[in-house]
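Tertiary structure, described
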Amino acid sequence: MSLYSFVKIFHISCVVVSLSGFTLRGILKLRGSEILQNRWLKILPHIVDTFLLVSAIILVVMSGMYPWLIPWVGVKLAALVAYIIVGAIFMHSKEQGLAQYSWFGLSLLIAGYIVMVALTKSATAGF
């Protein structure tokens, strides 16, 4: 197996763990669960997301697919920034009800879009 293939598999694994973890934490937040106060649930996502980001940077450098050269990579990066902002608003918001569900739903839609762009290598994935 090539180094690139190994890093890509590691990156995809981090994506699965990160999105699964965010979804679980989101459901716990919507339920008002005290489990969210566990220290490991506050630290682990940052560790996983650091590995995810580092592996993404390695893949970009190894492949030469820089966001300013390859449109779908640029769109994916912009969507990632949106996902981080919307997800942070959701996780740190004190809002209840429809607003809370809306922020969570929007963050999951953006995450789904990022995955579709990655799978199709098209900025118009799903449209």
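Here's a quick rundown of the structure.

1. A short note on helix α3 (residues 71-92)
Taking 1.5 Å of rise per residue, 22 residues should cover 32 Å, and α3 covers 32 Å from first to last C-alpha, within 8% of that figure. Inspection of α3 places Trp72, Val73, Ala79, Tyr83, Val86, Gly87, Phe90 and Met91 among the buried residues, and these make up the whole buried set. In a view along the axis of α3, the buried residues occupy a sector of 145°, so they form one face of it. Opposite its buried face, α3 presents the exposed residues Pro71, Ile84 and His92, each directed more than 90 degrees away.

2. Some details on the packing of helix α1 (residues 3-31) against α3
Where α1 contacts α3, the two axes come as close as 11 Å, and the packing angle between them is 25°. Classed by the angle they form, the pair α1 and α3 counts as roughly parallel. The two elements α1 and α3 cross, and the hand of that crossing is left-handed. Of the residues in α3, those touching α1 at His11, Leu19, Phe22, Arg25, Gly26, Lys29 and Leu30 are Lys76, Tyr83, Gly87, Phe90 and Met91. Considering only residue class, the contact of α1 with α3 consists of 6 nonpolar, 3 polar and 3 charged.

Here is what the cut-offs are and how they apply
- Residues numbered from 1 in each chain as written.
- Predicted model: local features only at pLDDT ≥ 70, side-chain atom pairs only at ≥ 80, totals over all residues.
- Heavy atoms only, no water.
- Helix = DSSP H or I, 4+ residues; strand = E, 2+ residues; numbered from the N terminus.
- Expected span 1.5 Å × (residues − 1).
- Buried < 20%, exposed > 50% of the residue type's maximum accessible area, 1.4 Å probe, protein only.
- Arc of directions from axis to C-beta.
- Axes fitted to C-alpha atoms, helices over the stretch in contact; angles between N-to-C directions.
- Parallel < 35°, antiparallel > 145°, perpendicular 65-115°, else oblique.
- Left-handed = near helix turned anticlockwise from the far one by under 90°.
- Contact = heavy atoms within 4.5 Å.
- Nonpolar A, V, L, I, M, F, W, Y, C, P; charged D, E, K, R; others polar.

None of the figures reported here should be taken as evidence of function without further support.
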